[in-house]
Amino acid sequence: MSTTTNAAPLLKVTDLVKDYVARGFGRTTSVTHAVKGVSFTLEAGQTYALVGESGSGKTTTGRMICRLEDITSGSVELDGRDYTHDPERVLRQSLRGSVQMVFQDPFSALNPRKTIGAAIEETLRIRGLGSSREERRQLAVAALERVGFSRWHFDRYPHQFSGGQLQRVSVARTLAVRPRLIVLDESVSALDVSIQAQVLNLLQELKSEFSLSYLFITHDLSVVRFMADKVGVLRMGEMVEEGDVSQIFESPESEYTRLLLRSVPIPDPTRRQLV
């Protein structure tokens, strides 16, 4: 008689809470409940989208998952291992290489005084990848080439690139450390539609090629429909609905989700809203 063991999801978020406490004159003056008990799971190879309007708590949730924000309560697990309360010295070994974040503004995410090649090399050095500077240079060049650049771009500075190109540089830097999960925080929202499509297609290719998983944080539901397998809808820090992308778009249960879908522009003025 055989026994079947269910493998743990790649990412498991349970009752995640974030409170911001304001203090004055030695006492608490106010508490802002930014995230209120958010839970979801993300399977290996899956793209999970967190959607909601500005202030819904989606970026804060992503930053807590990456441990860039302190967690008030709840837990986050990677491959069944709880890293919620790990100190930074442990996170550097257990999390930083496996979970990476691509931010909304690539200009602020890159040091303007470093070439893009040096920025990728530094990330590799911090992660302990590459036994020599020459090997790290080769790894950095390979990462840049994979996102459409050549070795001739290696010594250029961020101001010499467009926004879409810099976002591809950010993806290359993330890709170089061989993560399993990439958290993308509004990473294409500032790009022109044509450039946005190029970056999204690149992300899809990289996901397949490197067996990546994505947590996609966005307010753009057209991007969600193209990228996501599952969707979680946040409103004022709470998860109001979750489901497969087809279910969310075709038969949403929450009135708030229906309102979000109604806000998506329809390019054909003769078409009626379906929701």
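Since the model is a prediction, treat every value here as computed from it, not as a measurement.

Caption draft 1: Structural context of the overall build of the chain. The helix and strand tally for the chain stands at 10 helices and 10 strands. Here the C-alpha atoms of the chain give a radius of gyration of 20 Å, agreeing with the 19 Å that 2.2 N^0.38 yields for 275 residues. If one aligns the C-alpha atoms of the chain with their principal axes, the spans along those axes are about 65 × 55 × 55 Å. Out of the 275 residues in the chain, the part that is buried amounts to 47%. Counted over contacts in the chain with a minimum sequence separation of 6, partners at least 24 positions apart contribute 65%. Of the roughly 14400 Å² of accessible surface on the chain, a fraction of 47% belongs to carbon and sulfur atoms.

Caption draft 2: Summary view of the environment of I116. Within the secondary structure layout, I116 lies in helix α4 (residues 116-126). As a C-alpha pair, I116 and I126 span 10 residues in sequence and 16 Å in three-dimensional space. Among all residues touching I116, those that are not within four sequence positions of it are L144, H153, F154, R156, P158, F161 and V169.

Caption draft 3: Looking closely at the pairing of strand β1 (residues 11-24). Judged from the 12 bridges that link them, β1 and strand β2 (residues 27-42) form a sheet pairing that is antiparallel. Residue pairing across strands places A22 opposite S30, the latter belonging to β2. In this antiparallel pair of consecutive strands, β1 and β2, the connection spans 2 residues, and F25 shows a positive phi of 55°. In the sheet, β1 pairs with strand β4 (residues 73-78) via 5 bridges, with the strands oriented antiparallel. Bridge assignment links V17 to a residue of β4, and that residue is S73.

Caption draft 4: Focus on the packing of aromatic side chains. Per the stated rule, a full pass over the model turns up 2 aromatic pairs. Summarising the aromatic geometry, the rings of F40 and Y48 are spaced 4.5 Å apart at their centres and angled 20° between planes, so their arrangement reads as stacked. Where F149 meets F161, the ring centres are 5.7 Å apart and the plane angle is 85°; that geometry is what we call edge-to-face. Linking F149 in the loop between α5 (133-146) and α6 (163-176) with F161 in the loop between α5 and α6, this pair joins segments that are 12 residues apart in sequence. By relative accessible area, which is 6% here, F149 ends up buried. On the basis of relative accessible area, F161 is assigned to the buried category, the value being 6%. The ring of F154 is capped by R137, whose NZ or CZ atom sits 4.1 Å from the centre of that ring. We note R168 situated over the ring of F149; from NZ or CZ to the ring centre the distance is 4.5 Å.

Caption draft 5: Local environment of the packing of α4 against α5. One way to put it is that α4 packs onto α5 with a least axis distance of 9 Å and a crossing angle of 115°. As for how α4 packs across α5, the hand of that crossing is right-handed. In this structure, α4 contributes I116, G117, I120, E121, L124 and R125 to the contact, and α5 contributes R133, R136, R137, L139, A140 and L144. Among the residues making up the contact of α4 with α5, the classes are represented as 6 nonpolar, 1 polar and 5 charged.

Conventions we followed
Think of each chain on its own: its residues are numbered from 1, step by step along the sequence as written. Note on the predicted model: pLDDT of at least 70 is required for a residue's local features to be given, and 80 or more for side-chain atom pairs to be given and counted; whole-chain, interface and lining totals, by contrast, use all residues. The side-chain values count all of the structure's non-hydrogen atoms but skip hydrogen atoms and water molecules. Helix and strand labels come from DSSP, where a helix needs a run of H or I of at least four residues and a strand needs a run of E of at least two; each type is numbered from the N terminus. Atoms considered for the radius of gyration are the C-alpha atoms alone. The globule rule reads 2.2 Å times the number of residues to the power 0.38. Each residue's exposure class comes from its accessible area (1.4 Å probe, protein chains only) as a fraction of the maximum for that residue type: buried when under 20%, exposed when over 50%, partly exposed otherwise. Contact criterion: two residues are considered in contact whenever any of their non-hydrogen atoms come within 4.5 Å of each other. Each accessible area value is a Shrake-Rupley result obtained with a 1.4 Å probe; residue values ignore everything except the protein chains displayed when judging cover. In this scheme, strands are said to pair when DSSP sees at least two bridges between them. When the centres of two rings from Phe, Tyr and Trp lie within 6.5 Å, Trp using its six-membered ring, the rings pair. Their planes under 30 degrees apart give stacked, over 60 give edge-to-face, and anything left gives tilted. In this scheme, Lys NZ or Arg CZ marks a charge over a ring once it lies within 6 Å of the ring centre and within 35 degrees of the ring normal. To get an axis, a line is fitted to the C-alpha atoms, and for a helix only the part in contact is used. The angle between two axes follows their N-to-C directions and goes from 0 to 180 degrees. Helix crossings get a hand from a simple test, with the near helix turned counterclockwise from the far one by less than a right angle marking a left-handed crossing and a clockwise turn marking a right-handed one. Amino acids are sorted into nonpolar (Ala, Val, Leu, Ile, Met, Phe, Trp, Tyr, Cys and Pro), charged (Asp, Glu, Lys and Arg) and polar (every other residue, Gly among them).

Spatial relationships are all this shows, so hold off on functional conclusions.
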